[in-house]
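# Fold and geometry: a report
The primary structure of each chain is shown beneath.
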Amino acid sequence: MRIAVVGTGYVGLVTGTCFAESGNTVTCIDIDTGKVNKLTNGEITIYEPGLEKLFLRNLRENRLKFTTELADGVKDSLLVLLALPTPPGGDGSADLSAILKVADDLGKIINDYKVIIDKSTVPVGTAEKVHTAIGANCKTEFDVVSNPEFLREGFAVEDFMKPDRVIVGTSSQKARKIISELYAPFMRQDNRIIFMDERSAELTKYAANSFLATKITFMNEIAILCEKFGADVDLIRRGLGTDERIGKRFLFPGIGFGGSCFPKDVKALANSAKGVNYEFKILQAVMEVNEKQKLSLVPRIKKYFNDDLKGKKIAIWGLAFKPNTDDIREAPSIFIIRELIKEGSQIAAFDPEAMINTKRELGDHIELRGQYDVIKDCDALLIATEWNEFRTPDFDKMSSLMKRKVIFDGRNVYELQKMKELGFYYESIGRKTVSA
Ligand code: NAD
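For clarity, every value in this text was computed on a predicted model and none was experimentally measured. Here the residue numbers are simple positions, counted from 1 along each chain's written sequence. pLDDT decides what is reported in this predicted model: residues at 70 or higher carry local features, side-chain atom pairs at 80 or more are listed and counted, and totals for whole chains, interfaces and linings draw on all residues regardless. Note: side-chain values were computed over all heavy atoms of the structure, leaving out hydrogens and water.

## Some thoughts on the pattern of salt bridges
A pair can form between side chains of opposite charge whenever their charged atoms are brought close. Going by this rule: Criterion for a salt bridge: a side-chain nitrogen of Lys or Arg within 4 Å of a carboxyl oxygen of Asp or Glu. By definition, any uninterrupted DSSP run of H or I lasting at least four residues is a helix, any uninterrupted run of E lasting at least two residues is a strand, and each is numbered from the N terminus. Relative accessibility decides the category of a residue: with a 1.4 Å probe and only protein chains considered, values under 20% of the type maximum give buried, values over 50% give exposed, and everything between is partly exposed.
Evaluated as defined, the whole model comprises 28 salt bridges. Residue E181 pairs with K177 through a salt bridge whose shortest N-O separation is 4.0 Å. Here E181 and its partner K177 are both found in helix α8 (residues 173-183), 4 residues apart, which amounts to about one turn of the helix. Look at E181 and you get partly exposed, because its relative accessible area is 46%. Of the residues examined, K177 reaches a relative accessible area of 58% and is grouped as exposed. The shortest N-O distance in the salt bridge between R411 and E386 comes to 3.8 Å. Of this pair, R411 sits in the loop between β13 (406-409) and α17 (416-422) while E386 sits in the loop between β12 (380-383) and α16 (395-401); the two residues are 25 residues apart in sequence, bridging distant segments of the chain. Here R411 falls in the buried class, since its relative accessible area comes to 15%. Counted as one network, the salt bridges with shared partners bring together E153, D327 and R329.

Given below as structure tokens:
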């Protein structure tokens, strides 16, 4: 099949590459000329495990192309996938301007049957809006399908190739058949496509992300209670997770959820609910608790240093909003760093993949160096992302490099007993503080 993917960010590049990998010819379109030039020249623009190899192979085989011209990519394609940003507007509602602009342009370009597939996360009713926007300029037959994407950054290729399920919202039998063919290579073991109407598909995506954000937030509140009651959240997590109705995943407490999806999708769903005169109270609470949780280590660090962080050297391990990605959008680390800088601390930070993006975001306000360089002479180390390489570091080296053996762990990476034995002062989330 010939496929156009409009928007070549995390979702667009992974989707385009994976569909090329299953034999389709894919043209990815983006308005960012720099990005298109890099990709055309074989330079990958995001970090995603396993993606670069597939990207280079399909580029070489001419199944994957990049352009800034919408018409070039769309004219010969049967399928046009929209992987465009839907950032929160001022009131939290999803900003659909990129999608509606492209829909408007598509109406002027399309001159034979196409299936327009919306992979972006969009509020209920967007497929109808896209249909109207295209139809305003177009007399040709076309279908608009809602096919929200569920891939996780850090596991995007794996998730795309072996999805738990594919949600497809369409009322067109013709589009349904085409989409079944498109996903057939990924459904060889069993067919996991769930067909539904467009509105339900759009809402399924928001429901999934909001549910997961709620699960994390629930555990963060249990962790707060653990600290107050002197209980251990790790034990509670195991006690809870072994109940099959609850499940083991998404029960790890920490310094809040970030990323480009959960915060924006929770806000957008709460806002959509308001639009139909319903106050989604749980989501309101999720947003409030998460805002506090992101900064919850700052007062604890301040307290440790008797309310005086001026000139204190704080090292940060982990900047990405979660491991295995270079994405720092809404990352708790960035909020924390900004607060610590306001308090007068000097920050040196390390992340295996997210330093370039952090440099772009924070400029010269912090130093970015190697994992052990940043802890040299530091007054405290803060762990903001649970990258694997932080799990078993060289503790002897850490002890000799750090000015004070003080760790604030926002991701509960270490065992309490071990930290005690090693002589660290160690504060984590929902567990007892240990010191030598
Ligand atoms: P992104 O910001 O990484 O990428 C969007 C791309 O679209 C950018 O490269 C941008 O230059 C391009 N773009 C903007 N306007 C354009 C236009 N008019 N024409 C062509 N290109 C244009 O965004 P993303 O993370 O890939 O997310 C895209 C959508 O998918 C969002 O709705 C998001 O909520 C959803 N989603 C994201 C993830 C994720 O893990 N990132 C997962 C599932 C769903």
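## Observations concerning the sheet that holds β12
Which entries qualify depends on this criterion: Strand pairing requires that DSSP identify at least two bridges connecting the strands.
Pairing in this open sheet of 6 strands is parallel, and the strands run β11-β10-β9-β12-β13-β14 from one edge to the other. The open sheet has two edge strands with one neighbour each: β11 (367-368) and β14 (425-427). Pairing of strand β9 (residues 313-317) with strand β10 (residues 346-350) involves 5 bridges; the strand directions are parallel. Across the sheet, residue A315 finds its bridge partner in β10, namely A348.

## Structural notes on the packing of aromatic side chains
Two descriptors summarise a pair of aromatic rings, namely the distance from one centre to the other and the angle between the planes of the rings. The condition is simple: The pairing test for Phe, Tyr and Trp rings, Trp by its six-membered ring, is centres within 6.5 Å, and the orientation test on the planes gives stacked under 30 degrees, edge-to-face over 60, and tilted for anything in between.
As enumerated under the stated definition, the model contains 19 aromatic pairs in all. Here the aromatic rings of F19 and F160 are separated by 5.1 Å at their centres, their planes lie at 85°, and the arrangement is edge-to-face. Separated by 141 residues along the polypeptide, F19 in helix α1 (residues 10-21) and F160 in helix α7 (residues 156-161) bring together distant segments of the chain. A single burial state applies to F19 and to F160, both of which are buried. Between F395 and F424, the aromatic rings sit 6.1 Å apart at their centres with planes inclined by 65°, giving edge-to-face as the arrangement. Here F424 lies in the loop between α17 and β14 and F395 lies in helix α16, a separation of 29 residues in the sequence.

## Details of the site of the ligand
Put simply, the test is: Here a residue is near a molecule or strand as soon as one of its heavy atoms is found within 4 Å of it. Any N or O atom pair separated by 3.5 Å or less is treated as a polar contact, with the protein-specific requirement of one donor-capable and one acceptor-capable atom, and with residues adjacent in sequence counted only for side-chain atom pairs. Methods summary: accessible areas were calculated by the Shrake-Rupley approach with a probe of 1.4 Å, and residue burial reflects only the protein chains presented. As a working rule, the residues Ala, Val, Leu, Ile, Met, Phe, Trp, Tyr, Cys and Pro are called nonpolar, Asp, Glu, Lys and Arg charged, and the rest polar, with Gly in that last group.
Lining the immediate surroundings of the ligand are 25 residues, of which D30, K35, T86, E153 and K264 lie closest. Within the backbone of I31, a nitrogen or oxygen atom sits 3.4 Å from a nitrogen atom of the ligand. About the coverage of the ligand: the protein hides 88% of its 840 Å² of free accessible area. Residues of the shell around the ligand, tallied by class, amount to 10 nonpolar, 7 polar and 8 charged.

## Digging into empty space enclosed by the protein
Test applied: A pocket here means an open set of points on a 1 Å grid, computed over the protein atoms alone, that has protein on both sides within 12 Å along at least five of seven lines. A cavity is instead a set of points where a 1.4 Å probe fits but cannot get out; residues with an atom within 4 Å of a point line either one. Grid points are joined across faces, edges and corners, and a volume is the space filled by probe spheres set on the points.
Within the structure shown, the criterion is met by 1 cavity of 30 Å³ or more. Empty space within the largest cavity amounts to approximately 30 Å³. Considering the residues around the largest cavity, the lining is formed by D118, S120, T121, V122, S146, P148, E202 and K205.

## Side note on the layout of surface pockets
Within this model, the second largest pocket holds a volume of roughly 270 Å³. Every residue lining the second largest pocket is listed: E221, I224, E227, K228, E288, V289, K292, Q293, S296, R300 and I429. Looking at side-chain class alone, the lining of the second largest pocket contains 3 nonpolar, 2 polar and 6 charged residues.

## Let's talk about the packing of helix α5 (residues 97-109) against helix α6 (residues 126-135)
Short version of the rule: Axis geometry follows a simple rule: fit a line to the C-alpha atoms, using only the stretch in contact for helices, then measure angles between N-to-C directions, giving values from 0 to 180 degrees. In this scheme the crossing of two helices becomes right-handed for a clockwise turn of the near helix relative to the far one and left-handed for an anticlockwise turn of less than a right angle. Whether two residues are in contact is decided by their heavy atoms: any pair within 4.5 Å suffices.
Between α5 and α6, whose axes approach to 7 Å, the crossing angle comes to 35°. Relative to α6, the crossing made by α5 is right-handed. Counting all contacts with α5, which are made through I99, L100, A103, D104, L106 and G107, the residues of α6 involved are K129, V130, A133 and I134.

## Focus on the pairing of β10
Rule in force here: For the handedness criterion, the strands are oriented away from the viewer, and a crossover whose path from the first strand over the helix to the second runs clockwise is classed as right-handed.
Most of β10 is tucked away, with 4 of its 5 residues classed as buried. After leaving β9, the chain enters helix α14 (residues 332-342) and then returns to the sheet as β10, a path that is right-handed. Across 2 bridges, the pairing between β10 and β11 is parallel. Bridge pairing in β11 places A349 opposite L368. One crossover worth recording links β10 to the parallel β11 by way of helix α15 (residues 355-362), and it is right-handed.

## Some points on the side chain of N412
Inspection of the secondary structure puts N412 in the loop between β13 and α17. Classification of N412 by relative accessible area gives buried; the value is 13%. In terms of polar contacts, N412 uses its side chain to reach the backbone amide nitrogen of I429, at 2.8 Å. With residues near it in sequence (within four places) discarded, N412 still touches V233, P253, Y426, S428, I429 and R431.

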